[in-house]
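Secondary and tertiary structure notes
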Amino acid sequence: MTKLKSIPCNIITGFLGVGKTTTILKLLKQKPANEKWAVLVNEFGEIGLDGALLSVAQEGNKSVFIKEVPGGCMCCASGLPMQIAINMLLMKAKPDRLLIEPTGLGHPKEVINVLSSEHYQDVLSLENTITLVDARHFSSQKHLDNQTFQQQLEVADILVANKADLYEKKDIQAFETYLSNHIYLKLKPYLLIQEGALDFE
């Protein structure tokens, strides 16, 4: 690990069903040909690693390495499952970039705490945390009151409203009104995208 230095790392977070895996697949297609990327995925045991991501790993792609932390939130139990998985992934792949997809029910602040710890200070360089949202959720009090949903908004460096092709005008208005009414969100950049088509730049 001591030979690995300042590997760019992005967290792709968001609520269940918002399109995190689709977005990661679109980002992988934009990967520079001369780079190796590693992806750490967290899903609950019964669901397991997303089939689309797994197929990328099985296609013999030598520049994409994928590892799963199964069985609940990767940051629980003092982040130990996550640390073990990251260490194994970094040692195997020696990647040029690490993407991390926590479960939609996980605690993104805890994930960031692990990645910011002394153990990874020199190894990883935390870059933009991308929080994917569905603008339709901003009209749902159930989502707005959800602590994990709130935390995902709070940790975001960039907010990305996915599935924009399904929105009505009122959905976009509710999303933008919510951002403007919360001082910790109003200055954060946001994008509207369809089908996870997030530009890597």
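Everything quoted here is computed from the prediction, not taken from an experiment.

Reading the values: rules and limits
Residues numbered from 1 in each chain as written. Predicted model: local features only at pLDDT ≥ 70, side-chain atom pairs only at ≥ 80, totals over all residues. Heavy atoms only, no water. Helix = DSSP H or I, 4+ residues; strand = E, 2+ residues; numbered from the N terminus. Buried < 20%, exposed > 50% of the residue type's maximum accessible area, 1.4 Å probe, protein only. Contact = heavy atoms within 4.5 Å. Areas by Shrake-Rupley, 256 points an atom, 1.4 Å probe, with all protein chains shown as cover. Expected span 1.5 Å × (residues − 1). Arc of directions from axis to C-beta.

Let us now look at the overall build of the protein chain. Regarding its fold elements, the protein chain presents seven helices and eight strands. For the protein chain, the proportion of its 201 residues judged to be buried stands at 50%. Once local pairs closer than 6 in sequence are excluded, the contacts in the protein chain between residues at least 24 apart make up 82%. Of the roughly 10100 Å² of accessible surface on the protein chain, 51% is carried by carbon and sulfur atoms.

The next thing to look at is helix H3 (residues 80–93). Here H3 contains 14 residues, and its C-alpha end-to-end distance of 20 Å stays within 8% of the 20 Å for a straight helix at 1.5 Å per residue. Taken as a whole, H3 has its buried residues at Met82, Ala85, Ile86, Leu89, Leu90 and Ala93. Seen end-on, H3 carries its buried residues on one side only, within an arc spanning 125 degrees. Check the buried side of H3 and you find it contacts strand E1 (7–14), strand E2 (37–42), strand E3 (64–69), strand E4 (97–101), helix H4 (108–115) and strand E5 (124–126). Phi for Lys94, located one or two positions after H3, is positive at around 45 degrees.

The subject of this paragraph is the pairing of E4. Here is the key point about a regular strand: its side chains alternate between the two faces of the sheet. Of all the five residues making up E4, five are buried; the element is thus mostly covered by neighbouring parts of the structure. Alternating positions in E4 separate into two faces, Arg97, Leu99 and Glu101 on one and Leu98 and Ile100 on the other, with burial throughout.

Our next topic: the side chain of Thr23. Along the chain, the position of Thr23 falls in helix H1 (residues 20–29). Judged by relative accessible area, Thr23 falls into the buried class, the value being 0%. Look past the residues within four positions of Thr23 in its chain and what remains in contact with it is Leu132, Asn162, Gly196 and Leu198.

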